[in-house]
Structure formats: C-alpha cells, structure tokens
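Survey of secondary and tertiary structure
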Amino acid sequence: MDRKGQVFSLDLTFALIIFLLIFASLLVFVYTVSDTYNSYSYLSITLSLEKLNAMGNIELNGLSNSFGSPANWVGLPCSNIASFGLLRTYYTLSLNKAYSLVNSYSSCFYNLSQFGTNFNLTLSYLNGTPLYINNSEITLGSKVPANSRYVISLERFLDLPKGTIIEVNYKVWS
C-alpha cells in the first residue's frame, strides 16, 4: 500500500481546513466588526450609541447645569430664549422653571432640542416617585417606542430648595 498518497491528501485536507477558517474569520470581521455602513455591525452600533450619548449629554447638561439663556427665561416669548436651564442656584432646581418648561414651553423645547420629540425628560424623587408641582407631573417628551433601535438613559441629580434630592432622567432614542 502506498502511504505517500495518504499523507499528501491529509496535508491537503488540513491546509484546506485552515484556509477556510482564516477566510471565514476574515469575512466575519469584515461584515460584522469593521463595516460602518452595515447598521448591524459592532462598529456601526458603537458609533451610533456614542453619538446619541454625546448629544444627550450636551442637552441634559444644558438643562441641569445651567440657568438657561437668558437666565430669567420664564415669561419670555420663545423667540427670545436661546437655551433652557433648570437651575435656581448652583445645583438647586428652580421649581418655577421646571413647572414652566413642562406647562408653557414644551413646544419651544421641542424646537430647540436636537432630538425633536425623541426624548423623555422626567424629574422624580430618589425612590422613583414623580415630582409634582401644582398637581402637574414634571415630565416632558414621549414614552420610548418599542421599535427604537438605540436608547440612551442619562441621569443627573439636583437639590430642591428644601434639601431633597431630585433625579433628572433624560432618555433619548433613534
């Protein structure tokens, strides 16, 4: 029996298996990890989430870390407001601004927001109970749709004038 033929075919089989493994790995890498145009690739998902997170942080920081522009924007027409801020003093929530934003300036906020209506802003106590001012729940935006591709939830904490901590939760999606 000629053993040289068997060794050659075994070598060829192993070489073919190794080649197919390397080729399949390369295909998996190209079509899942590195393709930014493939919306299901890891890189594309990561870039989309990072962009959504950065934009959400900018908007939430503007709300929770500033007085707004102008600082006394309550009572002004929408055309005179450059940005909304919820602070009364540093780290203290202005109840008047929060109430006015939800009840009088919601359409202005939608127009200034980078997300249009694809956001939800909720102010609540640390135990999860919503914050009510003048029997009005302080929430703005819509609920997260079930068919959203990406959802980012961001949180900040502010103090009430009485010393109670309030959670500002901001969800954005695409």
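Going along each chain's sequence as written, the residues are numbered from 1 onward. Where totals are concerned, whole chains, interfaces and linings use all residues; where local detail is concerned, this predicted model gives features only for residues with pLDDT of at least 70, and gives and counts side-chain atom pairs only at 80 or more. Where side-chain values are given, they derive from all heavy atoms of the structure, hydrogens and water being excluded.

**Notes on the overall build of the chain**
Put simply, the rule reads: Where helices and strands are cited, they refer to DSSP runs of H or I of at least four residues and of E of at least two residues respectively, numbered from the N terminus. The buried label goes to any residue with under 20% of its type's maximum accessible area, the exposed label to any with over 50%, and the partly exposed label to all in between, with areas taken from a 1.4 Å probe on protein chains only. Two residues form a contact once any of their heavy atoms are found within 4.5 Å. In short, Shrake-Rupley with a 1.4 Å probe defines the accessible areas, and a residue's cover is counted only from the protein chains shown.
Helix and strand counts for the chain stand at 4 helices and 10 strands. Ordered by position in the sequence, the α and β elements of the chain form the string α-α-β-β-β-β-α-α-β-β-β-β-β-β. Across the 174 residues of the chain, 32% fall into the buried class. The long-range share in the chain, meaning contacts at least 24 apart out of those at least 6 apart in sequence, stands at 54%. Of the accessible surface of the chain, which amounts to about 10,900 Å², a share of 61% is contributed by carbon and sulfur atoms.

**Some remarks on a nonpolar patch on the surface**
The criterion, for reference: Patches here are clusters of residues that have more than 30% relative accessible area and form no salt bridge, with a 9 Å joining cutoff for like charges and a 5 Å cutoff for nonpolar side chains (Val, Leu, Ile, Met, Phe, Trp, Tyr). Salt bridge, as used here: a side-chain nitrogen of Lys or Arg that lies within 4 Å of a carboxyl oxygen of Asp or Glu.
A contiguous nonpolar surface patch, about 490 Å² in accessible area, is contributed by Leu 16, Phe 19, Leu 20, Phe 23 and Leu 27. Relative to the helices and strands, Leu 16 is located in helix α1 (residues 3–33). You can call Leu 16 partly exposed: its relative accessible area is 48%.

**Structural notes on the packing of aromatic side chains**
Defined as follows: Note on ring pairs: Phe, Tyr and Trp rings are taken, using the six-membered ring of Trp, and paired if centres are within 6.5 Å. Classes follow the plane angle, with under 30 degrees stacked, over 60 edge-to-face and the rest tilted.
For the coordinates displayed, the defined rule picks out 9 aromatic pairs. Summarising the aromatic geometry, the rings of Trp 73 and Phe 84 are spaced 4.8 Å apart at their centres and angled 90° between planes, so their arrangement reads as edge-to-face. Of this pair, Trp 73 sits in the loop between β1 (68–69) and β2 (83–84) while Phe 84 sits in strand β2, and the two are 11 residues apart along the sequence. For Phe 84, a relative accessible area of 4% translates into the label buried. Seen from their ring centres, Trp 73 and Tyr 105 are 5.2 Å apart, and the 85° between their planes marks the pair as edge-to-face. Linking Trp 73 in the loop between β1 and β2 with Tyr 105 in the loop between α3 (95–103) and α4 (106–112), this pair joins segments that are 32 residues apart in sequence. Here Trp 73 matches Tyr 105 in class, with each residue buried. Members of the aromatic cluster, connected to one another through ring pairs, are Trp 73, Phe 84, Tyr 105, Phe 109, Tyr 110, Phe 119 and Tyr 170.

**Looking at the layout of surface pockets**
The method is simple in principle: a probe with the dimensions of a water molecule rolls over the atoms, and the space it marks as empty is what remains. What counts here: The pocket and cavity definitions rest on a 1 Å grid over protein atoms only: a 1.4 Å probe that fits but cannot leave marks a cavity, an open set with protein on both sides within 12 Å along at least five of seven lines marks a pocket, and residues lining either have an atom within 4 Å of a point. Grid points are joined across faces, edges and corners, and a volume is the space filled by probe spheres set on the points. Residues are grouped as follows: Ala, Val, Leu, Ile, Met, Phe, Trp, Tyr, Cys and Pro are nonpolar; Asp, Glu, Lys and Arg are charged; all remaining types, including Gly, are polar.
There is about 200 Å³ of room inside the largest pocket. Lining the largest pocket, in full, are Ile 58, Glu 59, Gly 62, Leu 63, Ser 66, Ala 82, Ser 83, Phe 84, Phe 109, Leu 112, Ser 113 and Gln 114. Secondary-structure elements contributing two or more residues to the lining of the largest pocket are α2 (42–64), β2 and α4. It is α2 that provides the largest number of residues to the lining of the largest pocket, a total of 4 residues. Class assignment of the residues belonging to the lining of the largest pocket gives a composition of 6 nonpolar, 5 polar and 1 charged.

**A word on the state of the cysteines**
Spelled out, the test is: In this description, the term disulfide denotes a pair of cysteine sulfurs within 2.5 Å.
Tallying each qualifying case throughout the model produces 1 disulfide. What pairs with Cys 78 in a disulfide is Cys 108, and their sulfur atoms sit 1.4 Å apart. Here the residue Cys 78 occupies a position in the loop between β1 and β2, and Cys 108 occupies one in helix α4, the gap between them amounting to 30 residues.

**A word on the side chain of Glu 167**
Our working definition: Charged residues are defined narrowly, with Lys and Arg counted positive, Asp and Glu counted negative, and His plus the chain ends left uncounted.
Mapping Glu 167 onto the fold places it in strand β10 (residues 165–173). Lys 171 is the oppositely charged side chain nearest to the buried, salt-bridge-free Glu 167, at an N-O distance of 8.3 Å. Here Glu 167 is in contact with Thr 122, Leu 123, Ser 124, Leu 126, Glu 155, Arg 156 and Phe 157, once residues within four sequence places are set aside.

**Things to note about unusual backbone geometry**
Here the residue pair Ser 69 and Pro 70 is connected by a cis peptide bond, since its omega of 0° sits within 30 degrees of zero. Within the chain, Asn 134 stands out as a residue other than glycine whose phi angle is a positive 55°. Counting through the fold element by element, Asn 134 comes out in the loop between β6 (132–133) and β7 (136–137). Asn 134 sits in the exposed class, given a relative accessible area of 60%.

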